[in-house]
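What the coordinates show
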Amino acid sequence: MRSHLLLTAIFALLVAPLLVPVFAHAGSAGPAIGSAAPEFALPDPEGVETTLGALRAGRPVALSFWASWCSPCLQELPLLDALHERLQGVGAVIAVNVDQERAPADAVRTRHGLRLPVVFDASQSAVASYRPSAMPTTYVLAPDGTIRSIHRGAMDAAAVVALEAELRALLPPPEGP
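A few points on the structure. (Residues numbered from 1 in each chain as written. Predicted model: local features only at pLDDT ≥ 70, side-chain atom pairs only at ≥ 80, totals over all residues. Heavy atoms only, no water.)

**Side note on the overall build of the protein**
In plain terms, the rule: Numbering of helices and strands starts at the N terminus; helices are DSSP runs of H or I of at least 4 residues and strands are runs of E of at least 2. For every residue, the accessible area obtained with a 1.4 Å probe (protein chains only) is divided by the maximum for its type, and the residue is called buried under 20%, exposed over 50%, and partly exposed between those limits.
Assigned secondary structure in the protein consists of six helices and seven strands. Listing every helix and strand of the protein by position from the N terminus yields α-β-β-α-β-α-β-α-β-α-β-β-α. Counting only residues that meet the buried cut, the protein has 40% of its 177 residues in that class.

If you want it as structure tokens, here you go:
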């Protein structure tokens, strides 16, 4: 019993510092559905500062906040990556990594062979603006940058199919003859 308590205490001491920066704003509300998505400029894997506006480029977007230590995030990322591939040219899935160190996130990207755009929020500036209350959290953005919905927690394959339908519904109607 004592060893179980000791292991629990050690685990809490090791994990708590990782959670505090991400959930520091969890008690306060982030942007509401119907409001403009907060802009950000974050480095991509090559270190180039990339803005949300440039990544969005007038398309509907699923903006997913994730962390390398988040098991549900790691289960969801391959599904979101496949969705990004299906949306090529008409929509996008953007993954915002919230780890304070890049190495674990880079290892996840490599292990899963992710092709979707990933940006790194080690400074927690986007987290402070969006205030995700769970990991992962995905914001659905209309082409004009308006937040249309918020999905808290990991999505399974069926939920990602529904997410795809939601994003495709935000596309402008095709031009007729």
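Here the narrative resumes.
**Overview of the pairing of strand β3 (residues 61-66)**
Selection rule: Two strands make a pair as long as DSSP finds a minimum of two bridges between them. By definition, the crossover connecting two strands over a helix is right-handed if that path, from the first strand to the second, turns clockwise as seen with the strands pointing away from the viewer.
Here β3 lies mainly inside the structure; six of its six residues are buried. Here β3 pairs with strand β4 (residues 92-97) via six bridges, running parallel. Paired with L63 across the bridge in β4 is I94. Following the backbone out of β3, through helix α3 (residues 71-86) and into the adjacent parallel β4, one traces a crossover that is right-handed. Across five bridges, the pairing between β3 and strand β6 (residues 137-141) is antiparallel. Of the residues in β6, the one forming a bridge with A62 is V140.

**Side note on the sheet that holds β6**
Just so we agree on the cut-off: Here the axes come from fitting lines to C-alpha atoms, over the contacting stretch only for helices, and the angles between their N-to-C directions go from 0 to 180 degrees.
Across the sheet, five strands lie side by side as β5-β4-β3-β6-β7; this open sheet has mixed pairing. With partners counted over all chains shown, the strands left at the sheet margins are β5 (118-120) and β7 (147-152), one partner each. Looking at each pair of strands side by side, their axes are set apart by 20° on average, direction ignored.

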